[in-house]
Amino acid sequence: MLRLEGLSIHQGSFDLAADLSVEQGRKVAVIGPSGSGKSTLLGALGGFVPVAAGQVLWQEIAITHAAPGARPIAMLFQDNNLFPHLSVAQNVGLGLRANLRLDAQDRARVAAALDRVGLEGMADRKPSALSGGQQSRAALARVLVQDKPLVLLDEPFAALGPALRQDMLDLVSALIRETGATLLMVTHAPEDVLRIADEVIFVDAGRAEAPTPAAEIMQNPPPALRAYLG
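Because the structure is a prediction, the values reported are computed rather than measured. (Residues numbered from 1 in each chain as written. Predicted model: local features only at pLDDT ≥ 70, side-chain atom pairs only at ≥ 80, totals over all residues. Heavy atoms only, no water.)

Novice: Can you tell me about the packing of helix α4 (residues 132-146) against helix α5 (residues 162-179), naming the residues and giving the values?
Specialist: Angle between the axes and distance between the axes are the two parameters that describe a pair of packed helices. Packing of α4 against α5 leaves a shortest axis separation of 11 Å and a crossing angle of 15°. In terms of axis orientation, α4 runs roughly parallel to α5. The element α4 and its partner α5 pack so that their crossing is right-handed. Across the interface between the two elements, Gly-133, Ser-136, Arg-137, Leu-140 and Leu-144 from α4 touch Leu-164, Asp-167, Met-168, Leu-171, Val-172, Leu-175 and Thr-179 from α5. Class assignment of the residues belonging to the contact of α4 with α5 gives a composition of seven nonpolar, three polar and two charged. (Axes fitted to C-alpha atoms, helices over the stretch in contact; angles between N-to-C directions. Helix = DSSP H or I, 4+ residues; strand = E, 2+ residues; numbered from the N terminus. Parallel < 35°, antiparallel > 145°, perpendicular 65-115°, else oblique. Left-handed = near helix turned anticlockwise from the far one by under 90°. Contact = heavy atoms within 4.5 Å. Nonpolar A, V, L, I, M, F, W, Y, C, P; charged D, E, K, R; others polar.)

Novice: Account for the packing of aromatic side chains, naming residues and giving values.
Specialist: Taken as a whole, this structure holds two aromatic pairs when the rule is applied. Seen in terms of ring centroids, Phe-48 and Phe-77 are 5.7 Å apart; in terms of plane orientation they differ by 70°. Their pairing is edge-to-face. With Phe-48 in the loop between α1 (38-46) and β4 (53-58) and Phe-77 in the loop between β6 (73-76) and α2 (88-93), this pair connects stretches of sequence that are 29 residues apart. What makes Phe-77 partly exposed here is its relative accessible area of 26%. Arranged with centres 6.5 Å apart and planes meeting at 45°, the rings of Phe-202 and Tyr-228 form a pair that is tilted. (Phe/Tyr/Trp six-rings, centres within 6.5 Å; stacked < 30°, edge-to-face > 60°. Buried < 20%, exposed > 50% of the residue type's maximum accessible area, 1.4 Å probe, protein only.)

Novice: Run through the confidence of the model for the protein, naming residues and quoting values.
Specialist: Chain-level pLDDT for the protein is 93 on average; 100% of the residues reach the 70-or-more range. Taken element by element, the predicted model of the protein shows its lowest mean pLDDT in helix α8 (residues 223-229) (84) and its highest in β4 (98). (pLDDT = per-residue confidence, 0-100.)

Novice: Please give an account of unusual backbone geometry that cites residues and values.
Specialist: Notably, Gln-59 is not glycine yet its phi reads approximately 50°, a positive angle. Relative to the elements of secondary structure, Gln-59 occurs in the loop between β4 and β5 (61-62). Phi is positive for Glu-60, close to 70°, though the residue is something other than glycine. Along the chain, Glu-60 falls in the loop between β4 and β5.

Novice: Any chance you could break down α4 for me, citing the residues and the numbers?
Specialist: Its 15 residues give α4 an end-to-end C-alpha distance of 22 Å, which sits within 8% of 21 Å, the value for a rise of 1.5 Å per residue. Within α4 the residues assigned to the buried category are Gly-133, Ser-136, Ala-138, Ala-139, Leu-140, Ala-141, Arg-142, Val-143 and Val-145. On its buried side, α4 packs onto β6, α2, α3 (104-116), β7 (150-154) and α5. Of the residues flanking the end of α4, it is Asp-147, one or two places downstream, whose phi is positive at about 55°. (Expected span 1.5 Å × (residues − 1).)

Novice: Which residues make up the pairing of β6, and what are the values?
Specialist: Covered by surrounding structure in β6 are Ile-73 and Met-75 together with Ala-74 and Leu-76, the residues of both alternating faces. Two elements, β6 and β7, share four bridges in a ladder whose sense is parallel. Paired with Leu-76 across the bridge in β7 is Leu-153. (Pairing = 2+ DSSP bridges.)

Novice: Help me get a handle on the side chain of Glu-155, residues and values and all.
Specialist: Mapped onto the fold, Glu-155 is located in the loop between β7 and α5. Setting aside chain neighbours within four positions, we find Glu-155 in contact with Gln-78, Val-186, Thr-187 and His-188.

Novice: Go over α1, please, and point to the residues and values.
Specialist: Every α-helix carries 3.6 residues per turn, so stepping three or four residues along brings you back to the same face. The element α1 is extensively covered by neighbouring structure, given that eight of its nine residues are classed as buried. Every buried residue belonging to α1 is among Lys-38, Thr-40, Leu-41, Leu-42, Gly-43, Ala-44, Leu-45 and Gly-46, and all of these are buried. Directly beyond the C-terminal end of α1, a positive phi value near 90° is found at Gly-47.

Novice: Just give me the short version of the nonpolar core, but keep the residues and values in it.
Specialist: Ile-31, Leu-114, Val-172, Leu-183 and Val-193 are the most contacted members of the largest nonpolar core, which totals 44 residues. If we skip the residues at most four places from it in the chain, Leu-114 touches Val-88, Ala-89, Val-92, Leu-119, Glu-120, Ala-123 and Ala-141. Membership of the second largest hydrophobic core comes to 28 residues, among which are Leu-2, Val-49, Ile-63 and Leu-150. (Core = buried A, V, L, I, M, F, W, Y, C linked by side-chain atoms within 4.5 Å.)

Novice: Would you mind going over the environment of Leu-229 in detail, with residue names and values included?
Specialist: Of note, Leu-229 is situated in helix α8. Leave out the neighbours within four places in its chain, and Leu-229 touches Pro-190, Met-218 and Pro-221.

As structure tokens, then:
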């Protein structure tokens, strides 16, 4: 279980608070107006944004001040963070070894991850030789190869067209189901919520609300969410 206890984040004049829990294996969409703190929340969970007060706990172990690499978390950002001078296999291998000194077992894991996301035969290509959807798959393979129990996605498919985005959401859903990981995914699209999420965390007015069943909150949104959805 992921638990946020009295979490408080301060960035200049911006404040965000959260007291909530996410059960293991759940797929949770994080939604809210632009600038409400969705990415900030994920950044704090990943260790990239400092926490002013409170705790982040995973399986009742505090990870609040742990370094990003020491957390049980894999995170995928909106721009995919692929290095243009590295091959697809090397970009994925960074998820295992920052120095890319991969042994035979590591290389087998990279190959298996690429196969699983539909990039077999593309290991030696550079990111520039891939389509946008293929770049997203490569970035997702790097998340997959890390085998972390908590996966954070910060609008990684926002630049894709509707059909490609749906394909990627379906792939993410299948991978999460196979691995048993917990997923938190920032999105602006209500259709993404309905496609992938079990629950929704609504972020607005300086607070991240506790998860609510996705179907329930999307069918009968509270006033603040209704105003956001339009």
